[in-house]
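# Summary of the model geometry
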Amino acid sequence: MQHRLTIDVFCHAEQTSASAKALAEQRAFARCKIAVRDGGLARAVTHYADHPSPHLIIVEDDGDTATLQSRLDALAQVVEPGRKLIVVGAVNDISVYRRIVSLGVTDYLVSPLSLEGMMDAIERAAHDPKGPERCRLVAVTGARGGVGASTIAHNMAWASARRLNLKTILADMDLTFGTAGLAFNQDPRTAFGEAFNDPERIDITLLERYMTGEDDNLQILSTPGILRHYEGIDEEAVEKTIDLCRQMAKLVIVDVPHVWTDWSEALLMSADETVLVLAPDIANIRDSRNLLDFLNGKRGDSKQVKVVINKSDVAKRTRLLPKDISNTLGIQPVAAIPFDPTTFIEAANDGKMIGDRFKSHKLIGVFTDLVMRTGVRGSVKGAAKPAKKLAFPSLFRKPQPKVA
Ligand SMILES: Nc1ncnc2c1ncn2[C@@H]1O[C@H](COP(=O)(O)OP(=O)(O)OP(=O)(O)O)[C@@H](O)[C@H]1O
Ligand SMILES: [Mg+2]
């Protein structure tokens, strides 16, 4: 998986500094912004007095561990709330580790830090289940055109906003023919694709101008349906746009049309979850095989593409049943949605999602389940609310507990 973090490292030991410098060359960290400075914890304290804080700070300290807490307190005064901190210290002692971590520090490691040690610590910090919830990015695409990928992306966005009560953005990257606006009976004032004409200008204010939606919980970036060429869409502009969307929501669902370009490949590779929709025919199976081989190879074992078979029962007579597809592709689909033209077309023609058109339909549960499988933490409407969780015990957010 590729991380997109800003990371500052303040080193003392030469080896720690060399590890930090080598970090940017590792594929998983190629999209991180990494700054490496000497001077350790003391330099970090003066640095953040007049610089913004990154997502993650790694500080090496060569002082006495008995007085480390007061130096960390000084750092806490100048760092913005909610940032993660890894401390690298000279003492290899479990009691020191426990004491430092009890202060809200994400991890304590022993100096000097190897490249592998640094990469492992950042991986752990990035996946800290107690950490502040990051917006999830889900990319939905079809193995071929017309398989129902957009319909599934739309209904997932609905389930996320309405059933799981999550602030959701649906970004329709089918810039010319996209139907997200139509499907939700929304009329985007300006086509989302126009944003990519001038990538320098893309910011939150601009994107908000392109968004439409019934309320804050579900915002849509789409087209009103204008025949326009959007050629030469810049991969970095797409990445920047999606990153900005992620700052505004808990879940961003990107409808990636059936095209193979730098930006579509990058989205399918880098999303937290990629959902591949296929229909039961030979061409879909061939293209799914190619896409799964390529994407799963790059995304790694923990981030395998999730497969949905749509219109799953249309090929009964030719014996292409979901289990035949699973066997051929060597995957277990996360959902098999039957061919149901009445339901889908009625809802589409009313400009409604299935859950709005039919108050209780079993597909509502299927779409909600699909969203929950992407790792978001929502609360299903109607279900008992979970007990309120304690906030992340960040060193930079809460008063420090006194440690003996
Ligand atoms: N399970 C289903 N049963 C019946 N009709 C469906 C089903 N899923 C989708 N459809 C219909 O199939 C048509 C194509 O769906 P959709 O536009 O979502 O496909 P797509 O994969 O996004 O196509 P494109 O390649 O054009 O982007 C729509 O009319 C939709 O209502
Ligand atoms: Mg589509």
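Here the structure is shown first, and the text comes after it.
In this report, the structure presented in the accompanying data block is examined. (Residues numbered from 1 in each chain as written. Chains lettered and ligands numbered in written order. Predicted model: local features only at pLDDT ≥ 70, side-chain atom pairs only at ≥ 80, totals over all residues. Heavy atoms only, no water.)

We now examine the overall build of the chain. Scanning the chain from N- to C-terminus turns up 15 helices and 13 strands. For a compact globule of 404 residues, the expected C-alpha radius of gyration is about 22 Å, and the chain comes in at 24 Å, within 12% of that figure. A principal-axis box enclosing the C-alpha atoms of the chain has dimensions of 75 × 50 × 45 Å. Buried residues in the chain amount to 50% of all 404 residues. Here the contacts in the chain between residues at least 6 apart in sequence split such that 77% fall between residues at least 24 apart. Summed over all atoms, the accessible surface of the chain reaches about 19400 Å², with 51% contributed by carbon and sulfur. (Helix = DSSP H or I, 4+ residues; strand = E, 2+ residues; numbered from the N terminus. Rg over C-alpha atoms; globule rule 2.2 N^0.38 Å. Buried < 20%, exposed > 50% of the residue type's maximum accessible area, 1.4 Å probe, protein only. Contact = heavy atoms within 4.5 Å. Areas by Shrake-Rupley, 256 points an atom, 1.4 Å probe, with all protein chains shown as cover.)

What follows covers the pattern of salt bridges. Enumeration over the complete set of coordinates arrives at 18 salt bridges. When the shortest N-O distance is used, the salt bridge between glutamate 235 and arginine 31 registers 3.2 Å. Residue glutamate 235 is located in helix H9 (residues 235-246), and its partner arginine 31 is located in the loop between helix H1 (14-23) and strand E2 (33-38); the two are separated by 204 residues in the primary sequence. For arginine 162, the salt bridge goes to aspartate 215, with nearest N and O atoms at 3.2 Å. Pair noted here: arginine 162 is in helix H6 (residues 149-163) and aspartate 215 is in strand E8 (residues 212-215), with a separation of 53 residues, a long-range link. For arginine 162, a relative accessible area of 16% corresponds to the buried category. Salt bridges sharing partners connect three or more residues here, namely Arg31, Glu235 and Glu239. (Salt bridge = Lys/Arg side-chain N within 4 Å of Asp/Glu carboxyl O.)

This part is about the site of ligand 1. Of all residues adjacent to ligand 1, which total 16 residues, the nearest are Gly146, Ser150, Thr151, Asn310 and Asp340. With respect to ligand 1, the backbone of glycine 148 contributes an N or O atom lying 2.9 Å from an oxygen atom. Between ligand 1 and the protein, one listed contact pairs an oxygen atom with a side-chain N or O atom of lysine 311 at 3.1 Å. For ligand 1, whose accessible area on its own is 640 Å², the fraction buried by protein is 74%. Among the elements of the structure, H6 and helix H13 (341-349) are those that each provide at least two residues to the shell around ligand 1. Element by element, the count of residues in the shell around ligand 1 is highest for H6, at 3 residues. (Near = heavy atom within 4 Å. Polar contact = N/O pair within 3.5 Å; in protein donor to acceptor, adjacent residues only side chain to side chain.)

Formed by 48 residues in total, the largest nonpolar core has its most connected members in Met173, Phe196 and Val254. When near neighbours in sequence (up to four residues on either side) are disregarded, methionine 173 contacts Phe192, Phe196, Val238, Val254, Asp255, Pro257, Trp263 and Leu267. (Core = buried A, V, L, I, M, F, W, Y, C linked by side-chain atoms within 4.5 Å.)

What holds strands together in a sheet is hydrogen bonding between their backbones, with the strands either parallel or antiparallel. The mixed open sheet is built from 8 strands, whose spatial order is E8-E9-E7-E10-E6-E11-E12-E13. Among the strands making up the open sheet, the edge pair consists of E8 and strand E13 (335-337). The sheet shows a mean angle of 20° between the axes of neighbouring strands, direction not considered. Of the pairings in the sheet, the one linking E8 to strand E9 (residues 218-221) comprises 2 bridges and is antiparallel in character. Bridge assignment links aspartate 215 to a residue of E9, and that residue is leucine 218. (Pairing = 2+ DSSP bridges. Axes fitted to C-alpha atoms, helices over the stretch in contact; angles between N-to-C directions.)

Positionally, threonine 141 belongs in strand E6 (residues 136-142). Aside from chain neighbours lying at most four places away, what touches threonine 141 is Ala149, Val256, Pro257, Leu268, Val275, Leu276 and Val277.

Next up on the list: the pairing of strand E5 (residues 107-110). Note: strand E4 (residues 84-89) against E5, 4 bridges, orientation parallel. By the bridge assignment, glycine 89 is partnered in E5 with valine 110. Following the chain from E4 across helix H4 (residues 94-102) to the adjacent parallel E5, one finds a crossover that is right-handed. (Right-handed = clockwise from strand over helix to strand, strands pointing away.)

Quick look at empty space enclosed by the protein now. Overall, the coordinates contain 2 cavities of 30 Å³ or more when judged by the stated rule. The calculated volume of the largest cavity comes to roughly 90 Å³. Those elements that place two or more of their residues in the lining of the largest cavity are H9 and helix H10 (262-270). In the lining of the largest cavity, the residues fall into 6 nonpolar, 1 polar and 6 charged. (1 Å grid on protein atoms, 1.4 Å probe; cavity = no way out; pocket = protein on both sides within 12 Å on 5 of 7 lines; lining within 4 Å. Points joined across faces, edges and corners; volume = space filled by probe spheres on them. Nonpolar A, V, L, I, M, F, W, Y, C, P; charged D, E, K, R; others polar.)

A full pass over the atoms with the stated rule returns 3 aromatic pairs. Residues phenylalanine 10 and tyrosine 48 carry aromatic rings whose centres are separated by 5.6 Å and whose planes lie at 75° to one another, so their mutual orientation is edge-to-face. Of this pair, phenylalanine 10 sits in strand E1 (residues 6-11) while tyrosine 48 sits in helix H2 (residues 40-48), and the two are 38 residues apart along the sequence. You'll find phenylalanine 10 and tyrosine 48 in the same group, each marked buried. In this structure, arginine 357 packs its charged tip against the face of phenylalanine 358, placed 5.0 Å from the ring centre. (Phe/Tyr/Trp six-rings, centres within 6.5 Å; stacked < 30°, edge-to-face > 60°. Lys NZ or Arg CZ within 6 Å of the ring centre and 35° of its normal.)

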